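Coordinate inspection notes
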Amino acid sequence: MTQLALVIDLNVCVGCHACVTSCKQWNTSGPAGYMSDDNPYDKDPTGTFFNRVQTFEVGNYPNTETVHFPKSCLHCEDPPCVPVCPTGASYKRESDGIVLVDYDKCIGCKYCSWACPYGMREIDEHQKVMKKCTLCVDRIYDTSLPEAERKPACVMACPTNARLFGDVHDPESEVSLAIRERGGYPLMPEWGTKPANHYLPRRKTRITIHEDELTRADNPLKKERKQAPHTIEGPTLDDSTMW
Amino acid sequence: MHPAFSVIFLTTLSGVGQGLFLALVTAQSYAAVGFIELENPSAFFGIGSLIALLFLAAGLFASFFHLGHPERAWRSIARWRTSWLSREVIVLPLFMGVVFIYGVLHYFGWDPNVLGVSNPLQGQLSLLVGLVGTVICFALFVCTAMIYACIKFLQEWHTPLTVANYILLGTASGFTLATAYAAIQAPHLTTLYAVWAVIITLSALVTRVWSLLRNRRIQYKSSLRTAVGISHSNIVQKSQGFMAGSFNTREFFHGAPRQVFLAIKWAFLVLVFPVPLLLLAAGMGSSAVAVLLAAFLVQYAGLIAERWFFFAQANHPQNLYYQTVG
Ligand code: SF4
Ligand code: SF4
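1. Considering the overall build of chain B
Across its full length, chain B holds eleven helices and one strand. Starting at the N terminus and walking to the C terminus, you meet the elements of chain B as α-α-α-α-α-α-α-β-α-α-α-α. The C-alpha radius of gyration computed for chain B amounts to 22 Å, which stays within 12% of the reference 20 Å derived for 326 residues, consistent with globular compactness. Along the first, second and third principal axes, the C-alpha atoms of chain B reach 75 × 45 × 30 Å. Carbon and sulfur atoms make up 70% of the accessible area of chain B, which amounts to about 13,600 Å² in all. Side-chain charges in chain B split into 17 positive and 8 negative, and the spacing between the mean points of these groups amounts to 22 Å.

2. Thoughts on the pattern of salt bridges
This structure, assessed with the given rule, holds 14 salt bridges over all chains. Between A:Lys43 and A:Asp44 there is a salt bridge, and its shortest N-O distance comes to 3.7 Å. Look at A:Asp44 and you get partly exposed, because its relative accessible area is 46%. A:Glu125 is the salt-bridge partner of B:Arg250, the closest N and O atoms lying 3.1 Å from each other. On the criterion of chain membership, the pair formed by B:Arg250 in helix 8 (residues 247-251) and A:Glu125 in the loop between strand 8 (122-123) and strand 9 (130-131) is interchain, its members lying in two chains. We classify B:Arg250 as partly exposed; its relative accessible area is 34%. Residues participating in the shared-partner salt-bridge network are A:Asp9, A:Arg182 and A:Arg203.

3. Examining the interface of chain A and chain B
Much of the literature gives interface size as the accessible area that the parts lose upon coming together. Counting from both sides, the interface comprises 53 residues of chain A and, opposite them, 59 residues of chain B. Counting the surface lost from both chain A and chain B, the interface buries some 4,600 Å², and carbon and sulfur atoms represent 59% of this. Broken down residue by residue, the surface that chain A buries against chain B is led by A:Ile107, A:Trp114 and A:Trp191, which jointly contribute 19%. Applying the counting rule to chain A against chain B returns two salt bridges. Our count for the contact surface shared by chain A and chain B stands at 35 residue pairs in polar contact (both at pLDDT 80 or more). Counting only elements with at least two residues in the side of chain A that touches chain B, the list comes to strand 4 (51-60), strand 5 (63-72), helix 2 (111-114) and strand 8 of chain A. Counting residues per element, the side of chain A that touches chain B draws most heavily on strand 4 of chain A, at nine residues.

4. Description of the packing of aromatic side chains
The tally for this structure, following the rule as stated, stands at 37 aromatic pairs over all chains. When the ring of B:Phe108 is compared with that of B:Trp110, the centres are 5.1 Å apart and the planes differ by 25°; the resulting orientation is stacked. Of the aromatic side chains, those joined through ring pairs into one cluster are B:Phe21, B:Phe44, B:Phe45, B:Phe95, B:Tyr102, B:Phe175, B:Tyr181 and B:Tyr193. Of note, A:Lys131 hangs over the ring of A:Tyr103, and the distance from its end group to the ring centre comes to 5.3 Å. When the ring centre of A:Trp26 is taken as origin, the NZ or CZ atom of A:Arg139, which lies over that ring, is 4.6 Å away.

5. Description of a nonpolar patch on the surface
Residues and elements named next belong to chain B. A cluster of nonpolar residues, Ile-47, Tyr-107, Phe-108 and Trp-110, forms a patch on the protein surface that exposes about 450 Å² of accessible area. Take Ile-47: it is sitting in helix 2 (residues 41-64). According to the relative accessible area criterion, Ile-47 is partly exposed, its value standing at 33%.

6. Examining the sheet that holds strand 10 (residues 163-167) of chain A
Residues and elements named next belong to chain A. Strand order across the open sheet formed by three strands is 10-1-11, with mixed pairing between neighbours. The sheet is open, and its two borders are formed by strand 10 and strand 11 (198-200), each paired with just one other strand. The sheet shows a mean angle of 25° between the axes of neighbouring strands, taken without regard to direction. By the bridge criterion, three bridges tie strand 1 (residues 4-9) to strand 11 in an arrangement that is parallel. Across the sheet, Ile-8 pairs through a bridge with Tyr-199, a residue of strand 11.

7. Points about the state of the cysteines
Linking two cysteines covalently through their sulfur atoms gives a disulfide. All told, the structure shown has zero disulfides over all chains when counted by the stated rule. This cysteine, A:Cys158, is not joined by any disulfide, and A:Cys16 carries the nearest cysteine sulfur, 6.2 Å off.

8. Topic: the sheet that holds strand 5 of chain A
Strands belonging to one sheet form pairs held by backbone hydrogen bonds; the direction of such a pair is parallel or antiparallel. With respect to topology, three strands assemble into an open sheet ordered 5(A)-4(A)-1(B), the strand pairing being antiparallel. In the strand order of this sheet, the two ends are held by strand 5 of chain A together with strand 1 (235-239) of chain B, each with one partner. Along the sheet, successive strands turn relative to each other by an average axial angle of 30°, direction set aside. Both strand 4 of chain A and strand 1 of chain B contribute to a ladder of four bridges, which runs antiparallel. Residue pairing across strands places A:Phe56 opposite B:Gln237, the latter belonging to strand 1 of chain B.

9. Some points on the packing of helix 10 (residues 274-284) of chain B against helix 11 (residues 289-313) of chain B
Residue and element names in this part refer to chain B. In the contact formed by helix 10 and helix 11, the axes pass within 8 Å of each other and the chain directions differ by 165°. What the angle tells us is that helix 10 and helix 11 run roughly antiparallel. Pair helix 10 / helix 11 crosses with left-handed handedness. Residues Val-275, Pro-276, Leu-279, Leu-280, Ala-282, Gly-283 and Met-284 of helix 10 form the contact with helix 11, whose own contacting residues are Val-291, Leu-292, Ala-294, Ala-295, Val-298 and Gln-299. Its residues placed into classes, the contact of helix 10 with helix 11 shows eleven nonpolar, two polar and no charged.

10. Regarding the side chain of A:Gln3
Residues and elements named next belong to chain A. Inspection of the secondary structure puts Gln-3 in the segment before strand 1. Overall, the relative accessible area of 1% leaves Gln-3 in the buried class. Polar side-chain contacts of Gln-3 include one of 3.1 Å to the backbone oxygen of Gly-97.

11. Comments concerning the site of ligand 1
Inspection of the region around ligand 1 gives 13 residues, with A:Cys73, A:Leu74, A:Cys76, A:Cys81 and A:Cys116 positioned closest. The residue makeup of the shell around ligand 1, split by class, is ten nonpolar, one polar and two charged.

12. Here we look at the site of ligand 2
As a structural note, the neighbourhood of ligand 2 is formed by 13 residues, with A:Cys85, A:Cys106, A:Cys109, A:Lys110 and A:Cys112 the closest of them. Grouping the constituent residues of the shell around ligand 2 by class yields nine nonpolar, three polar and one charged.

13. Topic: the side chain of A:Ser176
Residues and elements named next belong to chain A. Relative to the elements of secondary structure, Ser-176 occurs in helix 5 (residues 174-181). Residue class for Ser-176 comes out buried when judged on its relative accessible area of 7%. If we skip the residues at most four places from it in the chain, Ser-176 touches Asp-167, Val-168, His-169, Asp-170 and Pro-171.

14. Comments concerning helix 5 of chain A
Residues and elements named next belong to chain A. The complete set of buried residues in helix 5 reads Val-175, Ser-176, Ala-178 and Ile-179. Each buried residue of helix 5 lies within a common arc of 160° when the element is viewed along its axis, so the set occupies one face. Downstream of helix 5 by one or two residues, Gly-183 has phi in the positive range, about 70°.

Cut-offs used in this document
Residues numbered from 1 in each chain as written. Chains lettered and ligands numbered in written order. Predicted model: local features only at pLDDT ≥ 70, side-chain atom pairs only at ≥ 80, totals over all residues. Heavy atoms only, no water. Helix = DSSP H or I, 4+ residues; strand = E, 2+ residues; numbered from the N terminus. Rg over C-alpha atoms; globule rule 2.2 N^0.38 Å. Areas by Shrake-Rupley, 256 points an atom, 1.4 Å probe, with all protein chains shown as cover. Lys, Arg positive; Asp, Glu negative; His and termini not counted. Charge placed at Lys NZ, Arg CZ, Asp CG, Glu CD. Salt bridge = Lys/Arg side-chain N within 4 Å of Asp/Glu carboxyl O. Buried < 20%, exposed > 50% of the residue type's maximum accessible area, 1.4 Å probe, protein only. Contact = heavy atoms within 4.5 Å. Buried area = accessible area lost by both parts, 1.4 Å probe. Polar contact = N/O pair within 3.5 Å; in protein donor to acceptor, adjacent residues only side chain to side chain. Phe/Tyr/Trp six-rings, centres within 6.5 Å; stacked < 30°, edge-to-face > 60°. Lys NZ or Arg CZ within 6 Å of the ring centre and 35° of its normal. Patch = residues over 30% accessible without salt bridge, like charges linked within 9 Å, V, L, I, M, F, W, Y side chains within 5 Å. Pairing = 2+ DSSP bridges. Axes fitted to C-alpha atoms, helices over the stretch in contact; angles between N-to-C directions. Disulfide = S-S within 2.5 Å. Parallel < 35°, antiparallel > 145°, perpendicular 65-115°, else oblique. Left-handed = near helix turned anticlockwise from the far one by under 90°. Nonpolar A, V, L, I, M, F, W, Y, C, P; charged D, E, K, R; others polar. Near = heavy atom within 4 Å. Arc of directions from axis to C-beta.

Below you can see the structure in the form of C-alpha cells.
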C-alpha cells in the first residue's frame, strides 16, 4: 500500500517561508476555493494556512543553534483526527494514505482539530470548514503537468531542497532511504499516531584535520630548493604517504 | 482549551434536563412499589417532563451555535461507529423523543397495565417508557462525557472521572431543580428529592475534587522535545510562523489571566456544592419554593463556571508549538 508523505530536512531548512507562500498561493487558487484571510495588510492579520514555519533556539548561550521547523499535517498512518469526525468529512484515502477533508460534508464542529495532537488543522473562518494540508492532491496526479512538477507546491518551492516527497512504504524510495540513512524521526511518537511525514535531524559536520595535514613538511613542488628546517617532531604524514 | 459558550450551555442545560427526568422516574418507581403516594401524578409528571424537554431543547439549540454549518448538522449521524460526537447527536434527540412520550402518556393518563401485574407493582406503560428513558439518559451522559474523555492526549480529560463528573453533576442539578419543582407542584415529594439532591451533590463533590487533585499532579507525556524531536533540555521558541493570531492560538488557549482562572475554580467549588447544599437543607423542611429555586439557580450558575474551568484547564499538546509570538 502506498503512503505518500513529506520528509523535511531540518539540517538544511533556512526558514525562508518559501514553502508557506507557495502553499498558500497554490491552494488559495485551487478548485477547492480560497483560503480566507482577515486584515492581511492591517493590525492583527490572520488567515488560513496549511503550512507554517516556526523557529526554535536550542542550547545554552553562546552554544545555541537556530532550528527552523516547517509544520503541516503529517498524514498520520493512524490519524486520531479521522475517527472522531461525526460526518465522515475527514477521511484517509486507502489508495495513497493522504488525509483529506470533504469541504461539502464538514459541519465545522472543530472536533477533529481537538483530536490532532499537533495542531495541524485550521478552521477557515469564512467558509466555516476545517482545512489542512492535502499534499497537493490536485497537483500530484495532474497529468497535464510535466512529470517533474507532479509534486506538492512546497516541495517545488524549497530553495534548499529541504522537502522530499514520496512513498514511505516503498523501501527503495528517496524518502524511505532518507529516513533510514539519515535518522528520520516522527513527531510526538508517544501518541501512537504513526505520522507518515518524518523529519531529518540537524547534523554536525566536522572535518578532522591534523596539524601536519596543514603544514607540508616536505613540499615536493619545492624539492629543489633549500629546505627550511621543519618544526614537527617525528614522522609526518609525508613520510608515510606516496604522493 | 478555549471554552465555547455553546458547548458550556449544551452540556449544562441537557444535564439539568436529564437529571430532572431521572428524578421523575425515581418518584414513579417509588410510587410503583408503594414507597410513596402520589397526588395528581399526571400533572406532576406531565409538566415535569415538559420542563425537562425545554432544558434539553435549549441545550440542543445552544449546540447549533458551535457549528460552522448548522444546516448540515444532520450529516453528523453518519459516523456513530467511531465518533462519540456522532453518537451524542443520535442519542440526544432520541432521548428527547422518549421524554416527550413519557410526558404525554402521563399527562393524558394513557397508561395501560401492560405488565398485567397489579399492586404494589402496577404494570404501567409509562413506567416502562421511564425505564427505557433512564437507560438512554445514562447513554447520553456517557456519550457527552466520552467526547472529551476519549481524546487521550488531552490528559486532564482522559479519565473515567470525566464520565463520573458529567453524570453526577448533571443529575445533581436535575434533582435540585426537581426539589424546587416538587415544592411547587407536589410538596410531599420535596424531602425525598432534597435528600437525593444532597446525596448526589455530595457524590459529585467527591468525584470533582478527585479529578481536580488528579489533574494537579498530571505528568504531561509531550514536551517541546518530542514536539520538535530534538533532545535538548533547553529549547526556546523564537517564532510561531506569524505575528498575530491564528486558529491555533484562539481555539486552544483560554486566554484568561491566572487570577481569573483560579477565581473561576473557587467560584464553581463554592457555587455548585456548599451553597446549594445549605439552601437545600434550609428549604426542604418547609418546602420554601424561593429558597429551593435559589439552590437550583446558584448550582446552575456554578455549573457554568465548572464547565468553563473544565475546558480551560485542559492543556492541548499543540500549545507546545504556540508559545512565543515573534
Ligand atoms: S497530523 Fe493531525 S491532522 Fe494530520 S493526520 Fe495526523 S492527526 Fe490528522
Ligand atoms: S470540523 Fe468537519 S472534518 Fe472536523 S470533525 Fe467536524 S465535521 Fe469532521
